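Topology and contacts: notes
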Amino acid sequence: DVKVTQSSRYLVKRTGEKVFLECVQDMDHENMFWYRQDPGLGLRLIYFSYDVKMKEKGDIPEGYSVSREKKERFSLILESASTNQTSMYLCASSRLGGNSDFGPGTRLTVT
Amino acid sequence: GESVGLHLPTLSVQEGDNSIINCAYSNSASDYFIWYKQESGKGPQFIIDIRSNMDKRQGQRVTVLLNKTVKHLSLQIAATQPGDSAVYFCAENSQTGNQFYFGTGTSLTVIP
């Protein structure tokens with residue numbers, strides 16, 4: 001089975017801090033995704049990557065950046081965390097044309 | 001952009017009854033659809049998928065129906081159990097890329 005792991009389950013950061021969320025998958029999937037999940041809004045795509053060093057903006061990329069230096073790792077960076085970035089962050093990976101497998105999520109609180 | 005929506009945000013069923021969760025999608029070019037289950041505090045888990053060349057697919061206690069004419073997707077859960085209580089999402093994949101679009105979810109509560 002695909003295993004997608006995220007570096008933290010819970011994270012508390014202060015406004016203005018730089019935040020790194022790490023995601024690793026072990027099934028050699030080409031695609032990797034970062035979503036945020038908020039009540040009533042469902043999953044919204046922040047960024048995705050279909051290959052090493054490649055990235056595409058999703059629906060809500062503002063305030064975020066990503067890095068994919070290795071195929072198995074996709075990092076989400078909040079350059080200067082703000083309170084409106086308090087959310088559940090979900091990483092996912094997939095093969096081309098396949099279903100997405102999700103990590104357990106990171107609940108980030110920005111105070 | 002594309003939209004994927006659910007007809008009912010919440011659903012309560014008696015244990016042992018069948019559950020039906022509905023989903024509407026707007027992009028007629030979408031060719032791949034997935035249902036996910038998300039339990040509290042966990043990430044979404046794949047349940048079942050269907051491609052647009054099919055109108056029905058069955059798994060263990062679950063069936064997905066696809067009606068391309070009205071762009072409607074449904075998930076049927078047979079003999080619903082307390083462990084089925086969760087939020088269920090549908091997702092569609094656009095042929096233009098690898099991006100999935102998710103509905104907001106339906107919360108299923110199973111009453112013992």
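Up top you'll find the structure we're talking about.
One structure accompanies this document, and this report is about it. Not measured: the values here are computed from a predicted model. (Residues numbered from 1 in each chain as written. Chains lettered and ligands numbered in written order. Predicted model: local features only at pLDDT ≥ 70, side-chain atom pairs only at ≥ 80, totals over all residues. Heavy atoms only, no water.)

Right, let's get into the overall build of chain B. Check the secondary structure of chain B and you find zero helices and eleven strands. Starting at the N terminus and ending at the C terminus, chain B contains elements arranged as β-β-β-β-β-β-β-β-β-β-β. By residue count, 46% of the 112 residues in chain B fall in the buried class. Taking the contacts inside chain B whose residues are at least 6 apart along the sequence as the reference set, 53% of them involve residues at least 24 apart. Accessible surface computed for chain B: about 5,400 Å², of which carbon and sulfur atoms make up 46%. (Helix = DSSP H or I, 4+ residues; strand = E, 2+ residues; numbered from the N terminus. Buried < 20%, exposed > 50% of the residue type's maximum accessible area, 1.4 Å probe, protein only. Contact = heavy atoms within 4.5 Å. Areas by Shrake-Rupley, 256 points an atom, 1.4 Å probe, with all protein chains shown as cover.)

Let's shift gears to the overall build of chain A. Within chain A one finds zero helices and eleven strands. When the helices and strands of chain A are placed in sequence order, the string is β-β-β-β-β-β-β-β-β-β-β. Taking 2.2 N^0.38 as the reference for a compact globule, 111 residues should give roughly 13 Å; the C-alpha atoms of chain A span a radius of gyration of 13 Å, in line with that estimate. In terms of overall dimensions, chain A has a C-alpha envelope of 35 × 25 × 25 Å along the principal axes. Expressed as a percentage of its 111 residues, the buried residues of chain A come to 50%. Restricting to contacts in chain A with at least 6 residues of sequence separation, those with at least 24 account for 55%. Split by element, the accessible area of chain A, about 5,400 Å² in all, is 49% carbon and sulfur. Each charge sign in chain A was given a centre, from 16 positive and 15 negative side chains, and these centres are 5 Å apart. (Rg over C-alpha atoms; globule rule 2.2 N^0.38 Å. Lys, Arg positive; Asp, Glu negative; His and termini not counted. Charge placed at Lys NZ, Arg CZ, Asp CG, Glu CD.)

Taken together, the contacts link 18 residues of chain B with 22 residues of chain A. Together, the buried faces of chain B and chain A total about 1,500 Å²; carbon and sulfur atoms form 54% of this surface. At the junction of chain B with chain A, the criterion picks out zero salt bridges. Applying the counting rule to chain B against chain A returns four residue pairs in polar contact (both at pLDDT 80 or more). (Buried area = accessible area lost by both parts, 1.4 Å probe. Salt bridge = Lys/Arg side-chain N within 4 Å of Asp/Glu carboxyl O. Polar contact = N/O pair within 3.5 Å; in protein donor to acceptor, adjacent residues only side chain to side chain.)

This part covers unusual backbone geometry. Residues and elements named next belong to chain A. In this structure, Asp28 is a non-glycine residue whose phi angle is positive, near 60 degrees. Here Asp28 is to be found in the loop between strand 3 (19–25) and strand 4 (31–38). Under the relative-accessibility criterion, Asp28 is labelled exposed at 53%. Phi is positive for Lys53, which is not a glycine, with a value near 65 degrees. Mapped onto the elements of the fold, Lys53 is located in the loop between strand 5 (42–49) and strand 6 (56–57).

This brings us to the sheet that holds strand 8 (residues 73–78) of chain A. Residue and element names in this part refer to chain A. Strand order across the open sheet formed by four strands is 1-3-8-7, with antiparallel pairing between neighbours. In the strand order of this sheet, the two ends are held by strand 1 (4–6) and strand 7 (64–70), each with one partner. Each strand axis lies, on average, 20 degrees off the axis of its neighbour in the sheet, ignoring direction. Both strand 7 and strand 8 contribute to a ladder of five bridges, which runs antiparallel. Residue pairing across strands places Ser67 opposite Ser75, the latter belonging to strand 8. (Pairing = 2+ DSSP bridges. Axes fitted to C-alpha atoms, helices over the stretch in contact; angles between N-to-C directions.)

For the rest of this paragraph, the subject is the pattern of salt bridges. As enumerated under the stated definition, the model contains nine salt bridges over all chains in all. Where Asp38(A) meets Arg36(A), a salt bridge forms, and the shortest distance between an N and an O atom there is 2.8 Å. Comparing Asp38(A) with Arg36(A), the two get one shared label, buried. Of the charged contacts in the structure, one is a salt bridge between Asp84(B) and Arg61(B), with a shortest N-O distance of 2.9 Å. Of this pair, Asp84(B) sits in the loop between strand 8 (72–77) and strand 9 (86–93) while Arg61(B) sits in the loop between strand 6 (56–58) and strand 7 (62–67), and the two are 23 residues apart along the sequence. Among the charged side chains, a network of salt bridges with common partners joins Arg36(A), Asp38(A) and Arg44(A).

What follows concerns the packing of aromatic side chains. Enumeration over the complete set of coordinates arrives at ten aromatic pairs over all chains. Note on Phe33(A) and Tyr35(A): the rings are 6.0 Å apart at their centroids and 25 degrees apart in plane angle, and the pair reads as stacked. No difference in accessibility class separates Phe33(A) from Tyr35(A), as the two residues are buried. An aromatic cluster is built from Phe33(A), Tyr35(A), Phe48(A), Phe102(A), Tyr36(B) and Phe102(B), whose rings are joined through pairwise contacts. Sitting over the ring of Tyr32(B), Arg51(B) keeps its end group 3.9 Å from the ring centre. (Phe/Tyr/Trp six-rings, centres within 6.5 Å; stacked < 30°, edge-to-face > 60°. Lys NZ or Arg CZ within 6 Å of the ring centre and 35° of its normal.)

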